[in-house]
Amino acid sequence: MSEPPQSRTICLIGDIHGHITKLQNLWSNLENTIDPLHFKTATIIFLGDYCDRGPQTRQVIDYLISLPSRYPSQKHVFLAGNHDFAFTAFLRLLPPPLDGSEFSEGWKEFEDNEEREGWFNGDGYEKMHLQGRRWSGTIKTQFDTSKGIKYHGSIYDAAPTFHSYGVPHGSADLVKAVPDEHKKFLADLVWVHEEDEVFMNTDDGVKCCKLIAVHAGLEKGVDVKEQLKYLKARDTGIPKVQPLSGRKNVWDIPEELSASSTIIVSGHHGKLHIEGLRLIIDEGGGLHDKPVAAVVLPFMKIIRDTDVLTK
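Just so you know, these numbers come straight off a predicted model, no measurement behind them.

Peer 1: Please give an account of unusual backbone geometry that cites residues and values.
Peer 2: In the segment running from L297 into P298, the intervening peptide bond is cis, with an omega of 10°. By the element assignment, P298 lies in the loop between β11 (293-297) and β12 (301-304). A positive phi is found at R92, a non-glycine position, where the angle reads about 60°. Residue placement: R92 occurs in the loop between α4 (82-90) and α5 (114-117). Even without being glycine, M300 reaches a positive phi, approximately 60°.

This is the structure:
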């Protein structure tokens, strides 16, 4: 791929979910598809959900941590997904709520689900954000009827992450087993990322846009400026952050942005969906038999880990 004048190459990489070989193959395909000079200086935006479901969370995070030193001229952005947020919460690495409240205040709204979801009650739970307790709990019904597959330990399918660090699911020993560099990586994840002057090929030619990347999307019916404010501040006083974990309410571009040239890009939804300036890049959803995908701007080129490239 050759790049239009004055544009930057931006790679938007969907949910990885503990699949190291898929990540390695996808990266290789990106490197072999994009012009070497442009790949060397590309902006790489990972859309979150690095852990759970797949068996190699530890190796995936090792790989991501290595990228800035291996590709020092690239810009790397690591967004928090809802799974990463919950993993970080279990490790007690989240910043405290901005209003000075305790994390336990956030449990009350969802306490009717505690027994069914089997929230974590082990060492350290008293100071844990709701999503950390849900992530490390043991769900009572071990079958996800919406997907037709078994849960792996918890509502988040977190057991493979525990196992990748060598501890049983739900063990408080995970806090000690996770290396310090992994803890720093998780603690530093951003909730939203904005880029100005992003070029995108459209049916009407190359368009200059603003880009907002957030794991699930922006919530409809909520002021966009207020959403961006609390996302940038990483306000952990919210027990369930809709732009990281919502579904239908974050699918579309908010009406107040629909008339502007703003690209909204996310992962999270288990689909590859491209409609106008709304990009959803999560073709695999963490499932073993589905690919991990990326979209390359400005070309709107879709690259998958399963692509077999010819020289």
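Peer 1: Run through the pairing of strand β10 (residues 278-281), naming residues and quoting values.
Peer 2: Both faces of β10 are covered, namely the face carrying R278 and I280 and the face carrying L279 and I281. Bridge analysis of strand β8 (residues 262-266) against β10 gives three bridges, and the strand direction is parallel. Across the sheet, the residue bridging to S266 is I280, located in β10. Between strand β9 (residues 272-275) and β10, which pair antiparallel one after the other, the connecting turn spans two residues, and G276 there sits at a positive phi close to 65°.

Peer 1: Tell me about the nonpolar core, and please be specific about residues and values.
Peer 2: Ranked by size, the top nonpolar core spans 66 residues in total, and within it L30, F46, L64, F87 and L174 carry the most contacts. Sequence-distant contacts of L64, defined by excluding residues within four places in its chain, comprise I16, L23, F46, Y50, F78 and F185. Core analysis: the second largest hydrophobic core is formed by 20 residues, L12, I45, V198 and I263 among them.

Peer 1: Go over the packing of aromatic side chains, please, and point to the residues and values.
Peer 2: What the rule picks out here adds up to 15 aromatic pairs. Relative to F39, the ring of W27 lies with its centre 5.4 Å away and its plane at 70°, an arrangement referred to as edge-to-face. Remark: F39 occurs in helix α2 (residues 36-40) and W27 occurs in helix α1 (residues 20-33); sequence separation between them is twelve residues. Taken individually, W27 and F39 each receive the classification buried, so the pair is uniform in this respect. Ring geometry for W27 and F46: centres 6.5 Å apart, planes at 5°, overall stacked. With W27 in helix α1 and F46 in strand β2 (residues 43-46), the pair connects residues that are 19 residues apart, well separated along the chain. There is no split in this pair, since W27 and F46 are both buried. The structure contains a cluster of three or more aromatic residues connected by ring pairs, namely W27, F39, F46, Y50, Y71, F78 and F185. For R70, the ring lying beneath its charged end belongs to Y63, and the centroid distance is 4.9 Å. Positioned above the aromatic ring of W107, the side-chain terminus of R133 is 4.3 Å from the ring centre.

Peer 1: Explain the sheet that holds β11 residue by residue, including any values.
Peer 2: Ordered in space as β3-β2-β1-β11-β12, the five strands form an open sheet in which the pairing is mixed. Lying at the two open borders of the sheet, with one neighbouring strand each, are β3 (75-78) and β12. Within this sheet the neighbouring strands show an average axis-to-axis angle of 20°, counted without direction. Bridging between β2 and β3 involves four bridges; their strand directions are parallel. If you follow I45 over to β3, its bridge partner there is V77. Running over the sheet, α1 touches β1 (10-13), β2, β3, β11 and β12 and is turned about 140° from β12.

Definitions and cut-offs
Residues numbered from 1 in each chain as written. Predicted model: local features only at pLDDT ≥ 70, side-chain atom pairs only at ≥ 80, totals over all residues. Heavy atoms only, no water. Helix = DSSP H or I, 4+ residues; strand = E, 2+ residues; numbered from the N terminus. Buried < 20%, exposed > 50% of the residue type's maximum accessible area, 1.4 Å probe, protein only. Pairing = 2+ DSSP bridges. Core = buried A, V, L, I, M, F, W, Y, C linked by side-chain atoms within 4.5 Å. Contact = heavy atoms within 4.5 Å. Phe/Tyr/Trp six-rings, centres within 6.5 Å; stacked < 30°, edge-to-face > 60°. Lys NZ or Arg CZ within 6 Å of the ring centre and 35° of its normal. Axes fitted to C-alpha atoms, helices over the stretch in contact; angles between N-to-C directions.

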